[in-house]
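Here are the chains, one letter per residue:
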Amino acid sequence: NAGVTQTPKFQVLKTGQSMTLQCAQDMNHEYMSWYRQDPGMGLRLIHYSVGAGITDQGEVPNGYNVSRSTTEDFPLRLLSAAPSQTSVYFCASSYDDVSYEQYFGPGTRLTVT
Amino acid sequence: AQTVTQSQPEMSVQEAETVTLSCTYDTSESDYYLFWYKQPPSRQMILVIRQEAYKQQNATENRFSVNFQKAAKSFSLKISDSQLGDAAMYFCAYRGSSNTGKLIFGQGTTLQVKP
(Lines give C-alpha, C1' and ligand atoms only; values in the text may rest on other atoms or scores of the structure.)
Protein backbone atom coordinates (compact mmCIF):
# COMPACT_ATOMS: atom_id res chain seq x y z
CA ASN A 1 0.00 0.00 0.00
CA ALA A 2 1.40 3.36 -1.01
CA GLY A 3 -1.27 5.14 1.07
CA VAL A 4 -1.90 8.72 -0.02
CA THR A 5 0.51 10.11 -2.59
CA GLN A 6 0.89 13.71 -3.72
CA THR A 7 2.83 15.28 -6.56
CA PRO A 8 4.75 17.48 -6.84
CA LYS A 9 6.49 17.91 -3.47
CA PHE A 10 7.55 21.48 -4.26
CA GLN A 11 6.33 24.00 -6.81
CA VAL A 12 7.02 27.64 -7.60
CA LEU A 13 4.48 29.55 -9.69
CA LYS A 14 4.24 33.07 -10.98
CA THR A 15 1.12 35.09 -10.24
CA GLY A 16 -1.59 34.24 -12.75
CA GLN A 17 -0.28 30.81 -13.70
CA SER A 18 -2.44 27.74 -13.27
CA MET A 19 -1.51 24.26 -12.17
CA THR A 20 -2.89 21.01 -10.80
CA LEU A 21 -1.79 19.32 -7.60
CA GLN A 22 -2.19 15.58 -7.90
CA CYS A 23 -3.49 13.29 -5.14
CA ALA A 24 -4.07 9.55 -5.27
CA GLN A 25 -4.88 6.87 -2.71
CA ASP A 26 -4.90 3.09 -3.00
CA MET A 27 -6.94 2.25 0.09
CA ASN A 28 -10.35 2.35 -1.62
CA HIS A 29 -11.39 5.26 0.60
CA GLU A 30 -14.60 7.02 -0.29
CA TYR A 31 -13.81 10.29 1.44
CA MET A 32 -11.02 12.57 0.19
CA SER A 33 -10.15 16.13 1.04
CA TRP A 34 -7.70 18.95 0.47
CA TYR A 35 -6.32 21.17 3.24
CA ARG A 36 -3.93 24.06 3.30
CA GLN A 37 -1.55 24.80 6.15
CA ASP A 38 -0.33 28.31 6.81
CA PRO A 39 2.21 29.38 9.48
CA GLY A 40 0.73 29.63 12.96
CA MET A 41 -2.51 28.03 11.90
CA GLY A 42 -3.89 24.56 11.79
CA LEU A 43 -4.98 22.97 8.57
CA ARG A 44 -8.03 24.43 6.84
CA LEU A 45 -10.32 22.52 4.51
CA ILE A 46 -10.43 23.65 0.87
CA HIS A 47 -12.63 21.05 -0.85
CA TYR A 48 -13.79 17.55 -0.13
CA SER A 49 -15.43 14.58 -1.83
CA VAL A 50 -17.59 11.83 -0.37
CA GLY A 51 -17.26 9.63 -3.44
CA ALA A 52 -16.60 9.57 -7.17
CA GLY A 53 -18.55 12.30 -8.92
CA ILE A 54 -19.39 14.16 -5.70
CA THR A 55 -17.46 17.19 -4.47
CA ASP A 56 -18.22 20.13 -2.25
CA GLN A 57 -16.61 23.25 -0.84
CA GLY A 58 -14.85 23.49 2.47
CA GLU A 59 -13.83 26.49 4.51
CA VAL A 60 -11.51 28.24 2.01
CA PRO A 61 -12.53 27.18 -1.54
CA ASN A 62 -11.98 30.42 -3.47
CA GLY A 63 -9.41 30.13 -6.26
CA TYR A 64 -9.46 26.32 -6.30
CA ASN A 65 -11.34 23.68 -8.28
CA VAL A 66 -11.61 19.94 -7.76
CA SER A 67 -13.08 16.94 -9.54
CA ARG A 68 -13.43 13.27 -8.60
CA SER A 69 -13.78 11.06 -11.64
CA THR A 70 -12.44 7.95 -9.90
CA THR A 71 -12.31 6.71 -6.30
CA GLU A 72 -8.51 6.84 -6.35
CA ASP A 73 -7.78 10.35 -7.63
CA PHE A 74 -8.68 13.81 -6.36
CA PRO A 75 -6.73 16.59 -8.13
CA LEU A 76 -6.75 20.20 -6.94
CA ARG A 77 -6.56 22.93 -9.58
CA LEU A 78 -5.34 26.44 -8.98
CA LEU A 79 -7.03 28.52 -11.64
CA SER A 80 -4.96 31.73 -11.48
CA ALA A 81 -2.31 31.58 -8.77
CA ALA A 82 -2.03 34.44 -6.29
CA PRO A 83 0.62 35.10 -3.60
CA SER A 84 -2.08 34.43 -0.97
CA GLN A 85 -2.09 30.82 -2.14
CA THR A 86 1.48 30.32 -0.99
CA SER A 87 1.05 27.48 1.48
CA VAL A 88 1.58 23.80 2.15
CA TYR A 89 -1.19 21.66 0.69
CA PHE A 90 -2.23 18.32 2.09
CA CYS A 91 -4.48 15.72 0.57
CA ALA A 92 -6.19 13.28 2.92
CA SER A 93 -8.49 10.29 2.66
CA SER A 94 -10.58 8.18 5.00
CA TYR A 95 -12.93 5.24 4.87
CA ASP A 96 -15.95 7.37 5.66
CA ASP A 97 -16.82 10.95 6.52
CA VAL A 98 -17.30 10.69 10.26
CA SER A 99 -15.75 8.03 12.39
CA TYR A 100 -12.53 7.03 10.73
CA GLU A 101 -9.28 8.92 10.93
CA GLN A 102 -7.97 10.66 7.85
CA TYR A 103 -4.69 9.56 6.33
CA PHE A 104 -2.58 12.37 4.96
CA GLY A 105 -0.27 12.62 1.99
CA PRO A 106 3.25 14.08 2.39
CA GLY A 107 2.18 17.57 1.33
CA THR A 108 3.09 19.98 -1.46
CA ARG A 109 4.89 23.21 -0.67
CA LEU A 110 3.67 25.85 -3.12
CA THR A 111 5.20 29.29 -3.52
CA VAL A 112 3.55 31.93 -5.67
CA THR A 113 5.72 34.90 -6.59
CA ALA B 1 -19.61 26.42 14.58
CA GLN B 2 -17.14 24.08 16.16
CA THR B 3 -13.76 25.40 17.27
CA VAL B 4 -10.60 23.82 18.62
CA THR B 5 -8.14 25.72 20.78
CA GLN B 6 -4.60 24.82 21.75
CA SER B 7 -3.40 27.46 24.16
CA GLN B 8 0.25 26.35 24.37
CA PRO B 9 2.19 27.42 21.25
CA GLU B 10 5.36 25.78 22.57
CA MET B 11 6.24 23.21 25.22
CA SER B 12 9.45 21.55 26.23
CA VAL B 13 10.21 18.36 28.15
CA GLN B 14 13.29 16.56 29.31
CA GLU B 15 13.94 13.21 27.70
CA ALA B 16 12.32 10.33 29.67
CA GLU B 17 9.93 12.69 31.47
CA THR B 18 6.19 13.22 31.01
CA VAL B 19 4.49 16.14 29.28
CA THR B 20 0.84 17.07 28.79
CA LEU B 21 -0.45 19.08 25.84
CA SER B 22 -3.76 20.87 26.26
CA CYS B 23 -6.71 21.10 23.90
CA THR B 24 -10.21 22.47 24.36
CA TYR B 25 -13.03 22.47 21.89
CA ASP B 26 -16.48 23.91 21.49
CA THR B 27 -19.39 22.02 19.99
CA SER B 28 -23.09 21.47 20.43
CA GLU B 29 -22.93 17.98 18.94
CA SER B 30 -23.11 14.87 21.10
CA ASP B 31 -21.57 12.49 18.58
CA TYR B 32 -18.03 13.33 17.48
CA TYR B 33 -14.44 12.16 17.34
CA LEU B 34 -11.25 13.75 18.57
CA PHE B 35 -7.74 13.17 17.29
CA TRP B 36 -4.17 14.09 18.01
CA TYR B 37 -1.88 14.34 14.99
CA LYS B 38 1.89 14.67 15.07
CA GLN B 39 3.75 16.65 12.41
CA PRO B 40 7.54 16.17 12.55
CA PRO B 41 9.92 18.34 10.49
CA SER B 42 9.33 15.98 7.56
CA ARG B 43 5.88 17.62 7.35
CA GLN B 44 4.03 14.30 7.30
CA MET B 45 0.82 14.29 9.37
CA ILE B 46 0.79 11.18 11.57
CA LEU B 47 -2.18 10.05 13.64
CA VAL B 48 -1.17 9.63 17.28
CA ILE B 49 -4.42 8.75 19.01
CA ARG B 50 -8.18 8.81 18.51
CA GLN B 51 -11.08 9.18 20.97
CA GLU B 52 -14.76 8.54 20.36
CA ALA B 53 -16.95 10.95 22.33
CA TYR B 54 -19.41 8.21 23.32
CA LYS B 55 -16.66 6.28 25.09
CA GLN B 56 -15.95 7.26 28.68
CA GLN B 57 -12.70 5.35 28.79
CA ASN B 58 -9.65 7.38 27.82
CA ALA B 59 -7.77 6.15 24.78
CA THR B 60 -4.17 4.95 25.11
CA GLU B 61 -1.54 4.04 22.55
CA ASN B 62 1.71 2.85 24.11
CA ARG B 63 3.33 5.96 25.66
CA PHE B 64 0.50 8.24 24.52
CA SER B 65 -2.74 8.66 26.43
CA VAL B 66 -5.51 11.22 26.58
CA ASN B 67 -7.54 12.79 29.33
CA PHE B 68 -10.97 13.27 27.78
CA GLN B 69 -13.34 15.41 29.83
CA LYS B 70 -16.54 15.60 27.80
CA ALA B 71 -18.43 17.98 30.08
CA ALA B 72 -15.49 20.37 30.20
CA LYS B 73 -14.83 19.87 26.46
CA SER B 74 -11.20 19.16 27.15
CA PHE B 75 -8.94 16.66 25.38
CA SER B 76 -5.34 16.69 26.58
CA LEU B 77 -2.51 14.46 25.36
CA LYS B 78 -0.04 12.94 27.79
CA ILE B 79 3.29 11.68 26.49
CA SER B 80 5.13 9.45 28.94
CA ASP B 81 8.84 8.59 28.85
CA SER B 82 9.43 11.28 26.22
CA GLN B 83 11.87 10.44 23.46
CA LEU B 84 13.86 12.66 21.11
CA GLY B 85 11.71 11.39 18.26
CA ASP B 86 8.64 12.88 19.92
CA ALA B 87 9.82 16.38 19.03
CA ALA B 88 7.26 17.73 16.58
CA MET B 89 4.23 19.95 16.13
CA TYR B 90 1.13 18.38 17.65
CA PHE B 91 -2.36 19.18 16.42
CA CYS B 92 -5.63 18.48 18.17
CA ALA B 93 -8.51 17.93 15.73
CA TYR B 94 -12.28 17.48 15.89
CA ARG B 95 -14.56 15.63 13.51
CA GLY B 96 -18.30 15.70 14.04
CA SER B 97 -21.24 13.88 12.56
CA SER B 98 -22.64 17.06 11.01
CA ASN B 99 -19.41 18.24 9.44
CA THR B 100 -19.42 16.02 6.35
CA GLY B 101 -16.00 14.77 7.23
CA LYS B 102 -14.29 18.06 7.89
CA LEU B 103 -11.47 17.94 10.41
CA ILE B 104 -11.27 21.11 12.49
CA PHE B 105 -7.75 21.70 13.73
CA GLY B 106 -6.28 23.64 16.59
CA GLN B 107 -3.36 25.98 16.01
CA GLY B 108 -0.79 23.41 17.07
CA THR B 109 1.76 23.02 19.87
CA THR B 110 5.46 22.71 19.12
CA LEU B 111 7.06 20.17 21.45
CA GLN B 112 10.79 20.32 22.11
CA VAL B 113 12.48 17.32 23.76
CA LYS B 114 15.73 18.08 25.55
CA PRO B 115 18.38 15.35 25.88
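Everything in this summary refers to the structure shown in the same document. These numbers were taken from a predicted model, which means no experiment stands behind them.

### Considering the state of the cysteines
Residues and elements named next belong to chain B.
Okay, step 1: In total, this model carries two disulfides over all chains according to the counting rule given.
Okay, step 2: Each sulfur of the disulfide joining C23 and C92 lies 2.0 Å from the other. In this structure, the disulfide formed by C23 and C92 twists by about -65° around the S-S bond and is classed as left-handed. Of this pair, C23 sits in the loop between strand 3 (19–21) and strand 4 (24–26) while C92 sits in strand 10 (residues 88–96), placing them 69 residues apart in sequence. There is no split in this pair, since C23 and C92 are both buried.

### Concerning the interface of chain B and chain A
Okay, step 1: Taken together, the contact pairs 20 residues of chain B with 28 residues of chain A.
Okay, step 2: When the two sides are added together, the surface that chain B and chain A hide from each other amounts to roughly 1900 Å², 51% of it contributed by carbon and sulfur.
Okay, step 3: Linking E59 of chain A and K102 of chain B is a salt bridge whose minimum nitrogen-to-oxygen distance equals 3.8 Å.
Okay, step 4: Linking chain B with chain A are seven residue pairs in polar contact (both at pLDDT 80 or more), by the criterion used here.
Okay, step 5: Going through the elements one at a time, strand 5 (32–39), strand 6 (46–52) and strand 10 of chain B are the ones with two or more residues in the side of chain B that touches chain A.
Okay, step 6: Looking at the side of chain B that touches chain A, its residues break down into eight nonpolar, eight polar and four charged.

Basis of the calculations
- Residues numbered from 1 in each chain as written.
- Chains lettered and ligands numbered in written order.
- Predicted model: local features only at pLDDT ≥ 70, side-chain atom pairs only at ≥ 80, totals over all residues.
- Heavy atoms only, no water.
- Disulfide = S-S within 2.5 Å.
- Helix = DSSP H or I, 4+ residues; strand = E, 2+ residues; numbered from the N terminus.
- Buried < 20%, exposed > 50% of the residue type's maximum accessible area, 1.4 Å probe, protein only.
- Contact = heavy atoms within 4.5 Å.
- Buried area = accessible area lost by both parts, 1.4 Å probe.
- Salt bridge = Lys/Arg side-chain N within 4 Å of Asp/Glu carboxyl O.
- Polar contact = N/O pair within 3.5 Å; in protein donor to acceptor, adjacent residues only side chain to side chain.
- Nonpolar A, V, L, I, M, F, W, Y, C, P; charged D, E, K, R; others polar.

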